[in-house]
Amino acid sequence: MKTHVFTNRVYPPVGGATGELLKDLAEGLAAEGNRVVVITSRGPDTLGLPHRETVNGVELIRVGSAPFTRASHWRRALSYALLYPQFAWQVWKLGNVDAVVSMTDPPLQVAAVTLASGRSRKRIHWAQDIYPELAEELGVIERAGFAARVLRAVSTRALRKQDEVVAVGRCMREKLIARGVNAGSIDVIPNWSPVGKPSDEAVAGMRKRMGWADKFIVLYSGNIGLAHDFATIVEAAKILRGGRVHIVFAGEGQRAEEVKAALSGIANVSFVPPQPKQDLAAFLAAADLHLVTVRESLAGLVVPSKIYGIMAAGRPVIYVGPEESEAGLLIAKCGAGLVFCNGNAAGVASALEELERDRPRVAEMGSIAEQAAGEFTFGKALGRWKEILG
């Protein structure tokens, strides 16, 4: 029996996309007879749970930290800083294991975990984002400032010590190579869809429940945060004001109030709460089209993995972002939607009006998306991970 150790700030019941991905992978590996240990942090949802327990075959070790918040960069940094030594200490205590896999939440934990994992057979970093470049682009730290230079040097040194680095997109792989990470050590394993294709009855029921039965729905579902280009979407929505295209935002985030204020008073724009996981497949499929955005400067630093769930639900994507990004390359190659550069609000608005009038084309792109989603299943990702873990 092999022992694989993972470190990540979030793990269910604590919410977060990386935690859900880790849960899938950890339980999948445990189901095949591996010992899987996840070192994670406590959160409000885990206060009554023990420091150590086994859930669905996965050993969980929860360590304490300052409460996580997005309201203050300094308070968030404190929360992160308290986790690094605790993650490292727990990894060190586990001793000689087959693999230690660090993730990117909290950022740069790879450095602390690498120091503590010298007795493991393999050291692997699972990159969902690239820091400190992402922090620089989001204005969290000064671009090319002292902190950025130090953190980049520390991060690069730790990444070069990994036996494998797993990137979630081709564009991210290129960024890592440019950083100086050995290209031969980088594998690309896209994230997988958390949902599949729902039944027609479930979709019809969701459209009725949401009041969408007679509308052409263009949905933005997910984090309304700093990494996304909302200026283009807001301008497109203003161009479409009063038309037959109805744009819906479902999500929360640091820019949610800003976007709501910018679109206030537009009748064919609405906001709804995020949907529970058990309803997500029907919710995604209830829309006719989806919007996915990434800021131009963030190509390769983040990868919008929600496109896989949208495609699995059989719906096409209007992607606003760099053409050379993973999402842009995928959508353009397979024809699962349309790609627009950042700032092309007029192009987005025109395309949405045309597609509202051409429902057969929308259906065709949706079928293509569903077929292409077969390449991004959990089963295929698990197979790739088993090869890397050895």
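See above for the structure.
None of these values were measured; they are calculated from a predicted model.

**Q** What exactly am I supposed to notice about the pattern of salt bridges here?
**A** Pairing between side chains of opposite charge can happen when the charged atoms of each approach one another. By the definition in use, this model includes 21 salt bridges. Glu53 serves as the salt-bridge partner of Arg62, at 2.8 Å between the closest nitrogen and oxygen. According to the relative accessible area criterion, Glu53 is partly exposed, its value standing at 23%. One network of salt bridges, in which partners are shared, links Glu133, Glu136, Arg152 and Arg179.

**Q** Would you explain the sheet that holds strand E2 (residues 35–41) in this entry?
**A** As a general point, the strands of a sheet are linked pairwise by backbone hydrogen bonds and lie either parallel or antiparallel. Read from one edge to the other, the open sheet built from eight strands follows the order E3-E4-E2-E1-E5-E6-E7-E8, with strand pairing classed as mixed. Both outer strands of the open sheet, strand E3 (52–55) and strand E8 (186–188), are each paired with one neighbouring strand and no more. Mean inter-strand twist for the sheet, computed between neighbouring axes without regard to direction, equals 20°. Both strand E1 (residues 3–7) and E2 contribute to a ladder of five bridges, which runs parallel. From the neighbouring strand, Thr7 faces E2, where its bridge partner is Ile39. Relative to strand E5 (residues 99–102), helix H3 (residues 109–116) is tilted by about 165°, and along the sheet it contacts E1, E5 and strand E6 (122–127). Against the sheet, helix H15 (residues 378–389) touches E1, E5, E6, strand E7 (164–167) and E8, its axis set at about 145° to E6.

**Q** When you look at the pairing of E5 in this model, what are you seeing that I'm missing?
**A** In the case of a regular strand, side chains alternate between the two sheet surfaces. Of the two faces of E5, both are covered, the one formed by Ala99 and Val101 as well as the one formed by Val100 and Ser102. Relative to E5, E1 is paired through four bridges, and the arrangement is parallel. In the strand pairing of E5, Thr7 is matched with Ser102. Note: E5 against E6, four bridges, orientation parallel. By the bridge assignment, Val100 is partnered in E6 with Arg123. Once the chain exits E5 it traverses H3 before rejoining the sheet at E6, and the crossover so formed is right-handed.

**Q** Would you explain the side chain of Asn342 in this entry?
**A** Examined against the element boundaries, Asn342 turns out to sit in the loop between strand E14 (337–340) and helix H13 (345–357). Residues in contact with Asn342, not counting those within four places in the same chain, are Asp229, Thr232, Val294, Arg295, Glu296, Val320, Gly321 and Pro322.

**Q** Help me understand H15 in this model?
**A** An α-helix turns once every 3.6 residues. As a result, residues three or four positions apart point the same way. For H15, with 12 residues, the first-to-last C-alpha span of 16 Å sits near the 16 Å given by 1.5 Å per residue. Lining the buried residues of H15 we find E1, helix H1 (17–31), E5, E6, E7 and E8.

**Q** Quick question: what am I supposed to make of the nonpolar core here?
**A** Note on soluble globular proteins: their nonpolar side chains tend to be buried together. Among the nonpolar cores identified, the biggest contains 62 residues, and Trp126, Leu176 and Trp385 are the most heavily contacted of them. Per element, the largest residue contribution to this core is six residues, and it comes from H1. In this structure, Trp385 is in contact with Leu25, Val101, Ile124, Trp126, Val166 and Ile189, ignoring residues within four places of it in sequence. Grouped together as the second largest cluster of nonpolar side chains are 32 residues, Ile233, Ala237, Phe249 and Leu355 included.

The rules behind these values
Residues numbered from 1 in each chain as written. Predicted model: local features only at pLDDT ≥ 70, side-chain atom pairs only at ≥ 80, totals over all residues. Heavy atoms only, no water. Salt bridge = Lys/Arg side-chain N within 4 Å of Asp/Glu carboxyl O. Buried < 20%, exposed > 50% of the residue type's maximum accessible area, 1.4 Å probe, protein only. Pairing = 2+ DSSP bridges. Helix = DSSP H or I, 4+ residues; strand = E, 2+ residues; numbered from the N terminus. Axes fitted to C-alpha atoms, helices over the stretch in contact; angles between N-to-C directions. Contact = heavy atoms within 4.5 Å. Right-handed = clockwise from strand over helix to strand, strands pointing away. Expected span 1.5 Å × (residues − 1). Core = buried A, V, L, I, M, F, W, Y, C linked by side-chain atoms within 4.5 Å.

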